[in-house]
Amino acid sequence: MFKLFILSLFINLFNSSLTNTAWFLKDNGLQEIRIYSDRFYTITKFDLDKKEFISTSGGSYFFGENYYEVIEFNSQDTSQVGDTIFYSSFKLANGDKGSKLIIENNFFEKYESENELTGSWLMSGIERQGEMRSRNVNQPRKTMKILAGGRFQWVAYDTSKKGFYGTGGGYYSTIDGTYTENIEFFSRDSNTVGNSLKFDYEIIEGDWHHKGFSSKGDPKYEIWTQRKK
C-alpha cells in the first residue's frame, strides 16, 4: 500500500510539472513543438524559414510505470490512430538554463510564457449565415485547440475514420479581451505563415467566445468548450 501511495504521488508530481506546458526542439531550421494540457497533447514539426508544415500528431497522454501516448490523429500515418506509443526514456530535469524535457536523448526547452485560455478546447459552436450552429463535442469528428506556454494549435480530425483534415498554430497573447494568434505553420496554406490575427474574446458560462476575421478575411464567431474527455 505504501509503495502504491509513493507511485501515485510521483505520478501526480510528474503530471503537474507537465500539465499546461509547451516545449521546443530546434535543429537546423526545423522545429518540433510539444504542447501539453492536463490530459491531451500535440506534437508538430515544421520549418519556419521555408514556411513548410511537416507533420503533426496527438491525443492523450498518461504516466504510470511508463510514459505513454494514445494517438487520436497523425498527419503522416493515419494507420497509427488508436495505437499506444511507449517511450523507453522520458523525463523532466532542471539545469542552469532552465527546465528540460528529455525524450530518448532529445533535449526540449520549455516555453516560459503564460497567458489566459490555457488548456484543451473543442469547438462547440460556429456561426454560419448569421445563425449559430452547435456541435456535439462528444462525436469522433472534432476540432480541437490546445494552448499552453504561449503556444496554440488547432487540429481538425475524426478518430472513427482516422481522418486528418488540417492544422495550424504558432504563438498567441491575451491582452484586455483581445486574443492574438501569430501563425508559424498552417497545413492548408503556407502563405498565411507570418500573419497575425486578432479576435475579441470572453468567457461566458465557462465557454470561450471568439469573434473576429479568418485568415481569408471572412467573419468568424466560434464557441469553444473545455475538453473533458
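In what follows, the structure referred to is the one given above.
Definitions and cut-offs
- Residues numbered from 1 in each chain as written.
- Predicted model: local features only at pLDDT ≥ 70, side-chain atom pairs only at ≥ 80, totals over all residues.
- Heavy atoms only, no water.
- Phe/Tyr/Trp six-rings, centres within 6.5 Å; stacked < 30°, edge-to-face > 60°.
- Helix = DSSP H or I, 4+ residues; strand = E, 2+ residues; numbered from the N terminus.
- Buried < 20%, exposed > 50% of the residue type's maximum accessible area, 1.4 Å probe, protein only.
- Pairing = 2+ DSSP bridges.
- Contact = heavy atoms within 4.5 Å.
- Salt bridge = Lys/Arg side-chain N within 4 Å of Asp/Glu carboxyl O.

Draft legend 1. Quick look at the packing of aromatic side chains. Counted under the stated rule, the structure contains 18 aromatic pairs. Both rings, one in F46 and one in F185, keep their centres 5.0 Å apart while their planes meet at 35°; by these two values the pair is tilted. Within this pair, whereas F46 is found in strand β3 (residues 40-47), its partner F185 is found in strand β15 (residues 178-186), the two being separated by 139 residues in sequence. With a relative accessible area of 1%, F46 lands in the buried category. Looking at F185, the relative accessible area reads 3%, which means it is buried.

Draft legend 2. A look at the pairing of strand β14 (residues 163-175). Pairing of strand β13 (residues 151-158) with β14 involves eight bridges; the strand directions are antiparallel. Across the sheet, residue Y157 finds its bridge partner in β14, namely F164. As consecutive antiparallel partners, β13 and β14 are separated by four residues, and within that stretch K162 has a phi angle of approximately 55°, a positive value. The hairpin turn running from β14 into β15, its antiparallel successor, is two residues long, and D176 in that turn takes a positive phi close to 50°.

Draft legend 3. Structural view of the environment of T84. Following the sequence through the fold, T84 ends up in strand β6 (residues 84-86). C-alpha separation for the pair T84 and G58, spaced 26 residues apart in sequence, amounts to 11 Å. When residues no more than four places from it in sequence are discounted, the contact partners of T84 are Y68, E69 and V70.

Draft legend 4. Expanded view of the pattern of salt bridges. In the structure shown here, the tally under the stated rule is seven salt bridges. Of the charged contacts, one joins E32 and R34 as a salt bridge, the two residues approaching to 3.9 Å between their closest N and O atoms. Judged by relative accessible area, which is 3%, R34 ranks as buried. Its salt-bridge partner being R34, residue E69 comes within 3.1 Å of it at the nearest N-O pair. With E69 in strand β5 (residues 67-74) and R34 in strand β2 (residues 30-36), the pair connects residues that are 35 residues apart, well separated along the chain.

Draft legend 5. Fine view of the environment of S214. Locating S214 in the fold gives a position in the loop between β17 (207-213) and β18 (219-226). Assessed through its relative accessible area of 15%, S214 is described here as buried. S214 sits 15 residues away from F199 along the chain, and the two C-alpha atoms are 9.3 Å apart. In contact with S214, not counting residues within four places along its chain, are L197 and K220.

Draft legend 6. Looking closely at unusual backbone geometry. Phi is positive for L117, which is not a glycine, with a value near 75°. Along the chain, L117 falls in the loop between β9 (106-110) and β10 (119-128). Not every positive phi belongs to a glycine, and E205 is a case in point at roughly 50°. Structurally, E205 is set in the loop between β16 (196-204) and β17. Under the relative-accessibility criterion, E205 is labelled exposed at 81%.

Draft legend 7. Up close: the pairing of β3. Counting buried positions over the eight residues of β3 gives seven, a clear majority of the element. Connecting the antiparallel pair β2 and β3 is a turn made up of three residues. As judged from the eight bridges shared by β3 and strand β4 (residues 52-63), these two strands associate in the antiparallel manner. Its bridge partner lying in β4, D47 is registered against E52. In textbook terms, the turn of a hairpin is the stretch between consecutive antiparallel strands, and for β3 and β4 this stretch comprises four residues, one of which, K51, has a positive phi near 55°.

Draft legend 8. Quick look at the side chain of S57. By the element assignment, S57 lies in strand β4. For S57, a relative accessible area of 15% gives the class buried. Excluding its chain neighbours within four sequence positions, the residues that come into contact with S57 are Y41, T42, I43, F73 and N74.

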